[in-house]
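A structural walkthrough
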Amino acid sequence: MHSKLRVLIASRSKPALMELAGALASRGAYRIDARHIENGHADPLWGLDFIPDVVVMLLNDQGHHDLAALGEVQSDTRPPLIVLAKAVDTQTMRLAMQAGARDFLQGAVTLEDLIASIDRVSVQFVRKSSEQSSALTVFVNAKGGSGATFLACNVAHMLTTVSGHTTALVSLDMQFEGLAQYFDTKLRHGLMQALESVDDLDAVALDAYMTQHESGLRLLAPQPESAIQEGGAKAAELGQLLDKMSAHYGHTIVDMPRRLDAHALQVLQRASRIVLVVQQTLSHMRDAARMLQLFSAHGVRKERVLVVVNRCEKNAAIGLDDIKRALHGVEVVVVPSDYKLVAESINLGVPMYEHARTSAVTKALVALETELGGSSAKTEKGFIGKALSNLLRKESWSQT
């Protein structure tokens, strides 16, 4: 049995394919297979009697066609894909994301760059310490102030304290970081510091950068004074950091600002679920519909998106049926409104599960955490059955 990582190199250009495969094989670090794609199926895995650990696809002038074909067959069970392209445009990058590419190398790529990329993706997808894949869940507001940070913090807290998962909570808000106040703590290190050292982070060093809450939840966020350092140059490092976190923690929760930039695309590529938080207003519906369009344009299928109607009022002018129609079949769940209890929780820095465990808001949060891969529903048998049926059922309650 081979212990080396098995890498499949695929291309329509046979000379380029053989040159790259030979160069990688000469390093002796991987087991290399080469596949020349000719007329017919563009999928490099088509008809193979083995599944490689990593696929490297070297594009030629038919790259758009090949990536579009891959976008139709790509699934979460396929090995990670690295795309190499000499000529790059917006369409190529978009198609690569839709095809599930975990890294995109452009221009004159050195062998060292490619090896580093293979090693990065293998950390998350090949050399896990657990057989079960970890989950990366993203929370993002459809419109500012919808409550994504509140939901992310409380779901992460319950994943840790109730479900018993090792969980990391990361904020990407460079200007207005707010994780610390939700847990009445002070963060020891900043996100930018971790990104600057990401190449050297092993499991021990990674945990040292995180601030551990008394519940066991790990926290990481930008420090306000580091906001001036924000830039696209750190986007690749963010992807590398998220890969290492996914390899080390059972769940990674990302509180993402409401914009799709280079950093956000690194997150969306890796997200198992995307939680889009809305409220019951027309402007929220318009912005939510636009966000869903942007997600789709970047290869995110609607099955990965969960819409949460936060601060939900039963008798609001815009009901649950209206929201479902406006968002065209995306799954929708609700968290009810209770301004007083939620404000107390945030002001005290005490998560809702500790502050008001039997409240309607907490019941909805338990149901949401279970929907996202936790097991709070099994723990809270006394009330969760009713909470799940009332808060996550598909039929509208707005007409009752």
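In this text the structure is predicted, and so the values were computed from the model without any measurement.

On to the pairing of strand S2 (residues 30-36). Pairing geometry for strand S1 (residues 5-11) and S2, over seven bridges, is parallel. Bridging across to S2, serine 11 finds its partner in histidine 36. Read as a crossover between parallel neighbours, the route from S1 over helix H1 (residues 14-27) to S2 is right-handed.

With that settled, consider the confidence of the model for the protein chain. Mean pLDDT over the protein chain stands at 84; residues scoring 70 or higher make up 87%. Here helix H17 (residues 384-391) is the element of the protein chain with the lowest mean pLDDT, 46, and strand S11 (residues 273-278) is the one with the highest, 97. When the criterion is pLDDT under 50, residues 382-391 qualifies, and its contacts beyond four places in sequence or with other chains add up to 19 contacts. Contacts of residues 393-400 to residues separated by more than four positions or lying in other chains number 19 contacts, the stretch itself having pLDDT below 50.

Bringing the sheet that holds strand S8 (residues 211-212) into the picture now. Strands sit in the order S8-S9-S7-S10-S6-S11-S12-S13 across an open sheet of eight strands; the sheet is mixed. Each edge of the open sheet is held by one strand with a lone partner, namely S8 and strand S13 (331-336). On top of the sheet, helix H15 (residues 360-371) reaches strand S6 (135-141), S11, strand S12 (305-312) and S13; it is set at about 150° to S13, its chief contact.

Turning our attention to helix H3 (residues 90-98). Among the residues making up H3, those that are buried are Thr92, Leu95, Ala96 and Met97. With its phi angle positive at about 90°, glycine 100 sits one or two positions after the end of H3.

Attention now goes to the sheet that holds strand S4 (residues 81-85). The five strands lie next to each other as S2-S1-S3-S4-S5, forming an open sheet whose pairing is parallel. In this open sheet, the two strands that pair with only one neighbour each are S2 and strand S5 (101-106). Neighbour to neighbour, the strand axes of the sheet diverge by 20° on average, direction disregarded. Sheet strands touched by H1: S1, S2, strand S3 (54-58) and S4. Its angle to S2, the strand with the most contacts, is close to 175°. Lying over the sheet, H3 contacts S4 and S5, oriented at roughly 155° with respect to S5.

Turning to the packing of helix H5 (residues 148-161) against H15, a few remarks are in order. Following both chains from N to C, one finds H5 and H15 inclined at 70°, their axes separated by 9 Å at the closest point. By the angle between their axes, H5 is roughly perpendicular relative to H15. By crossing handedness, the relation of H5 to H15 is classed as right-handed. Touching Phe150, Leu151, Asn154, Val155, Met158 and Leu159 of H5 are Val361, Leu365, Val366, Leu368 and Glu369, all from H15.

Scanning all chains against the criterion turns up 14 salt bridges. Salt bridges sharing common partners tie together Lys143, Arg258 and Asp287.

Mapped onto the elements, threonine 185 comes out in the loop between helix H6 (179-182) and helix H7 (191-196). In the structure, threonine 185 is positioned 34 residues away from leucine 219 in sequence and 9.9 Å away in space, judged by C-alpha atoms. When sequence neighbours within four positions are dropped, the list of residues in contact with threonine 185 reads Ala180, Thr211 and Leu219.

Conventions we followed
- Residues numbered from 1 in each chain as written.
- Predicted model: local features only at pLDDT ≥ 70, side-chain atom pairs only at ≥ 80, totals over all residues.
- Heavy atoms only, no water.
- Pairing = 2+ DSSP bridges.
- Helix = DSSP H or I, 4+ residues; strand = E, 2+ residues; numbered from the N terminus.
- Right-handed = clockwise from strand over helix to strand, strands pointing away.
- pLDDT = per-residue confidence, 0-100.
- Contact = heavy atoms within 4.5 Å.
- Axes fitted to C-alpha atoms, helices over the stretch in contact; angles between N-to-C directions.
- Buried < 20%, exposed > 50% of the residue type's maximum accessible area, 1.4 Å probe, protein only.
- Parallel < 35°, antiparallel > 145°, perpendicular 65-115°, else oblique.
- Left-handed = near helix turned anticlockwise from the far one by under 90°.
- Salt bridge = Lys/Arg side-chain N within 4 Å of Asp/Glu carboxyl O.

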